[in-house]
Structure formats: structure tokens, C-alpha cells
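Per-entry structural report
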Amino acid sequence: MTQDVTMSLTFVVEPNAHPLSAAQRADLLVDPGFGRVFTDHMAIVRYSTDKGWHDARITARSPVTLEPAASVLHYAQEIFEGLKAYRRPQGAALFRPDANARRFRASARRLAMPELPEELFLESVRALVKADIDWIPQDEDGALYLRPFMFASEVFLGVKPASEYLYIVMASSVGRYFKGGPRAVSLWVTREYTRAAPGGTGAAKCGGNYAASLAAQADAISRGCDQVVFLDAAERRWIEELGGMNIFFVFDDGSIATPPLDGTILPGVTRDSILTLARDAGIAAREERYSIEQWQADAASGRLTEAFACGTAAVVTPIGRVQGEGIDFTINGERVGPTTQRIREALVAIQRGTAPDPHDWVEELA
Ligand SMILES: *Cc1c(COP(=O)(O)O)cnc(C)c1O
């Protein structure tokens with residue numbers, strides 16, 4: 001019953017009565033950076049245990065009011081997604097939005113939140129892109145970054161899964177993630193902090209994981225590194241991932257490897273796409289544990305030739321230097337290596353529509 005009502009939900013479109021002018025928008029799109037420029041609209045859907053999913057709208061982006069006792073502010077039931085819409089000659093295209101819809105449900109399950117039906121997730125994203133299509137930058141590095149998220153809005157201080165939630169999608173015009181192009185980044189290997197423990201929330205895309213990673217990231221910055229890289233919580237040996245990106249290693253026999261999804265690593269859509277594209281190209285791509293000791297030894301011996309981080313926001317980012325207590329090595333002279341470059345180009349070409357899409361990853365929006 002609830003399911004039927006949900007599936008027939010359509011988004012009521014209430015156009016923003018005071019959108020920015022074309023000139024104001026053009027100004028903002030000259031150098032939007034990442035996560036600073038927001039569009040005229042947002043998608044919003046409410047959930048309550050009584051009514052299920054209801055009140056689906058595309059409306060003017062505006063502040064949300066919350067009671068101080070809204071349970072997300074106390075117990076952090078919050079999850080999110082990140083995906084991009086790219087400009088096409090006619091309209092726009094989404095990259096693997098179905099994978100984000102599935103992961104959003106998985107994250108909701110882990111945080112004891114209601115699972116947004118995948119079709120509703122997809123409709124919210126499509127409808128918002130259509131409303132704000134003029135906000136996709138023209139230049140080739142530009143995209144509309146979509147940020148679906150959901151949080152507990154019930155006014156109650158008892159500790160239990162909330163009975164009311166807000167689901168919202170915002171859109172943000174973005175340029176290059178790292179200014180100056182894909183420069184190699186430096187990593188700090190933290191021995192002090194871990195990101196995720198077995199049985200914890202490491203595989204869920206939730207704000208809480210990020211809150212817990214910020215002290216480690218700040219520590220990395222204070223030591224002159226760009227990003228933190230986490231080791232596993234149980235043995236403090238096995239490389240897991242960065243604060244918000246998965247990691248790949250490239251070897252001298254042409255193969256690549258990434259840590260396996262064992263519940264403590266976020267299952268990245270970019271990670272999965274790279275594994276698939278590599279195998280398509282005849283590159284041996286393994287999912288296997290890799291220790292920090294081995295990484296340092298392989299970098300020294302030349303067995304490891306490149307390393308890169310990956311995620312929707314920055315796509316593929318070369319790793320040039322790794323530092324930590326008793327650790328300091330560089331990779332490929334801190335330059336972008338050929339395999340990293342080739343994988344990045346193969347992925348971007350599908351996303352941008354300049355290469356065939358054999359896996360049906362791209363959804364065109366007319
Ligand atoms: C979102 C995220 C990633 C990358 O996932 P993509 O789907 O490729 O964007 C990696 N690690 C963490 C912790 C993340 O939150």
C-alpha cells in the first residue's frame with residue numbers, strides 16, 4: 001500500500017519566483033570552485049511513519065527550519081550521496097545514478113532510517129537537473145554536483161530511530177576540484193586515528209564518518225600533507241582509504257589493485273567503474289589487502305609505479321608522496337603516471353559522452 005503511493009509520487013514544481021539573472025549566474029560560473037555555488041532550486045520529500053513518503057516538490061532553495069530538539073542534531077541520523085550531471089549538446093547526462101540510489105538505501109538501512117525507493121531518488125535528481133540545467137558550467141571541467149541527503153527531523157530526545165525525516169537534493173555548480181588540474185597529492189598515514197571499525201558505519205555514506213575523520217585530516221594538513229590515509233582499525237596495517245576517496249595501486253607488471261570491500265570501506269561508484277574499465281582494457285585488477293609496509297617497500301624497489309585516489313568529486317587524483325611516522329616516500333617523481341592518466345581519461349570520456357558507453361552507465365536527460 002505505502003509502496004504504491006510512493007511509486008506514484010510525482011514532483012510538484014514550484015519555480016523559484018526570484019531566480020538569479022543570467023548575468024549573475026554567468027558571473028558565479030566563471031570560477032565556481034567546489035561546493036560554493038548553489039542553484040536556484042532544491043528537491044524535497046518528507047517522510048513520516050504515518051504517511052510514508054509524501055509532499056515531493058521542486059522548490060526554491062531556501063533555509064530549512066529545525067526545532068532545537070530535532071533528533072539529527074543530537075544523534076546524527078544523517079546520510080548523503082554525491083553524483084554529477086554533465087552538459088550535453090541537448091540537455092544533460094547523469095553518470096550511474098542507479099548506483100547512488102542503491103547505495104543511499106544501503107546507507108539508510110545501516111543508520112536505521114527509512115529506505116527511499118530508488119525510483120523516487122532518481123526522479124528527484126532528474127527533476128532538479130531539469131529545473132537548474134542552466135547552472136551546468138559550459139567549460140569541459142564543469143559539472144553540476146548533486147547532493148542528495150536525508151536526516152531525522154523528529155522533535156524528540158529519546159534515543160531511537162526517528163519517525164520523521166527530510167530528504168533534500170541540492171545542486172552545486174563545480175569547476176575543477178583541485179585548482180590547477182590533477183596535481184599529485186601528498187598523503188599523511190595516520191597511526192593515531194582510524195576511520196571505520198568492523199561492524200561500524202564505514203560502508204555507509206553518513207556525515208558521522210566525516211565528522212570523525214576531520215581531526216585526522218586537520219593533523220595531515222598541519223604536517224604539510226594534502227590528505228589523510230587511514231589504516232584498518234583492527235591491525236593498523238592495511239590501507240583502507242582517504243577521508244572521502246578510495247585508493248588504487250599500480251604495479252610494474254601493469255596490474256592494479258584496490259583494498260577489498262570488507263564493510264569498513266565506502267563502496268565508491270568511481271572505484272567500481274575503474275575496476276570494470278581496467279578489466280575491459282585487459283588490465284589485471286585485483287581487490288586485495290595491501291599493507292603500509294608493503295607499499296613503502298614496493299615504492300622503494302620499483303614494483304609499485306603509481307598510486308591514485310578516486311571519487312566522484314575529483315574523479316582520479318595521482319598520489320605523489322606518502323608520509324607518516326617512520327614513513328616518507330615519493331611515487332613516480334610526484335608526477336601523473338601513464339596508467340593513472342589512461343584510466344582517468346577513459347572514465348572522463350564516458351562521463352562526458354566522447355566515448356562509447358558499453359555498460360549503459362550514462363542516463364541522458366532530454
Ligand atoms: C563518497 C565516498 C567515496 C567515493 O565514492 P564515489 O561513489 O566514487 O564518489 C570514497 N570514500 C568515502 C569515505 C566516501 O564518502
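Residues numbered from 1 in each chain as written. Predicted model: local features only at pLDDT ≥ 70, side-chain atom pairs only at ≥ 80, totals over all residues. Heavy atoms only, no water.

- In the annotation of an unreviewed UniProt entry, the protein chain is listed under the name Branched-chain-amino-acid aminotransferase and assigned to Allosphingosinicella ginsenosidimutans.
- Among the UniProt annotations of the protein chain, the heading Sequence similarities (unreviewed entry) holds the following wording: "Belongs to the class-IV pyridoxal-phosphate-dependent aminotransferase family."
- Per UniProt, the protein chain carries the Cofactor (unreviewed entry) text "pyridoxal 5'-phosphate". (UniProt positions renumbered as here; feature names shortened; annotations may be inferred.)

**Overview of the site of the ligand**
- Taken together, the neighbourhood of the ligand is formed by 15 residues, with Lys-205, Tyr-210, Glu-241, Thr-270 and Thr-312 sitting nearest.
- Between the ligand and Arg-103 there is a distance of 2.8 Å, counted from an oxygen atom to a side-chain nitrogen or oxygen.
- Between the ligand and the protein, one listed contact pairs an oxygen atom with a side-chain N or O atom of Thr-270 at 2.6 Å.
- Within the complex, 97% of the 380 Å² of free accessible area of the ligand lies under protein.
- Residue composition of the shell around the ligand, grouped by class: four nonpolar, seven polar and four charged. (Near = heavy atom within 4 Å. Polar contact = N/O pair within 3.5 Å; in protein donor to acceptor, adjacent residues only side chain to side chain. Areas by Shrake-Rupley, 256 points an atom, 1.4 Å probe, with all protein chains shown as cover. Nonpolar A, V, L, I, M, F, W, Y, C, P; charged D, E, K, R; others polar.)

**Observations regarding the packing of aromatic side chains**
- Under the counting rule described, the total for this entry stands at 14 aromatic pairs.
- Ring geometry for Phe-80 and Tyr-210: centres 5.4 Å apart, planes at 65°, overall edge-to-face. With Phe-80 in strand β5 (residues 78-80) and Tyr-210 in helix α6 (residues 207-222), this residue pair connects regions lying 130 residues apart in the sequence.
- Exposure remark for Phe-80: the relative accessible area of 7% places this residue in the buried category.
- Ring centres of Phe-251 and Tyr-290 lie 5.6 Å apart, and the angle between their planes is 85°; on these two criteria the pair is classed as edge-to-face. One end of the pair, Phe-251, is in strand β13 (residues 246-251); the other, Tyr-290, is in the loop between β15 (285-287) and α8 (292-301), and 39 residues separate them in sequence. Each member of the pair, Phe-251 as well as Tyr-290, carries the same accessibility label: buried.
- Following the ring pairs from residue to residue traces out a cluster consisting of Phe-249, Phe-251, Tyr-290, Trp-295 and Phe-329. (Phe/Tyr/Trp six-rings, centres within 6.5 Å; stacked < 30°, edge-to-face > 60°. Helix = DSSP H or I, 4+ residues; strand = E, 2+ residues; numbered from the N terminus. Buried < 20%, exposed > 50% of the residue type's maximum accessible area, 1.4 Å probe, protein only.)

**Some points on a nonpolar patch on the surface**
- There is a patch of nonpolar side chains on the surface, built from Val-64, Leu-66 and Leu-73 and spanning about 240 Å² of accessible area.
- Along the chain, the position of Leu-73 falls in helix α3 (residues 72-75). (Patch = residues over 30% accessible without salt bridge, like charges linked within 9 Å, V, L, I, M, F, W, Y side chains within 5 Å. Salt bridge = Lys/Arg side-chain N within 4 Å of Asp/Glu carboxyl O.)

**A short note on the nonpolar core**
- Counting residues in each nonpolar core, the largest one holds 50 residues, and the members touching the most others are Trp-53, Phe-121, Leu-146, Met-150 and Tyr-167.
- If you look at the next biggest cluster of nonpolar residues, it comprises 25 residues, including Val-185, Phe-249, Ala-307 and Ile-319. (Core = buried A, V, L, I, M, F, W, Y, C linked by side-chain atoms within 4.5 Å.)

**Points about unusual backbone geometry**
- We note that Asn-332 has phi near 50°; this positive angle belongs to a residue other than glycine.
- Relative to the helices and strands, Asn-332 is located in the loop between β18 (327-330) and α9 (338-352).
- Here the phi dihedral of Glu-334 falls at roughly 60°; this positive angle occurs in a residue that is not glycine.
- Since its relative accessible area comes to 41%, Glu-334 is described here as partly exposed.

**A short note on helix α7 (residues 269-280)**
- The terminal C-alpha atoms of α7, which comprises twelve residues, lie 16 Å apart, in line with the 16 Å expected from a rise of 1.5 Å per residue.
- Inspection of α7 places Val-269, Thr-270, Arg-271, Ser-273, Ile-274, Leu-275, Leu-277 and Ala-278 among the buried residues, and these make up the whole buried set.
- Looking one or two residues past α7, Gly-282 carries a phi angle of roughly 80°, positive in sign. (Expected span 1.5 Å × (residues − 1).)

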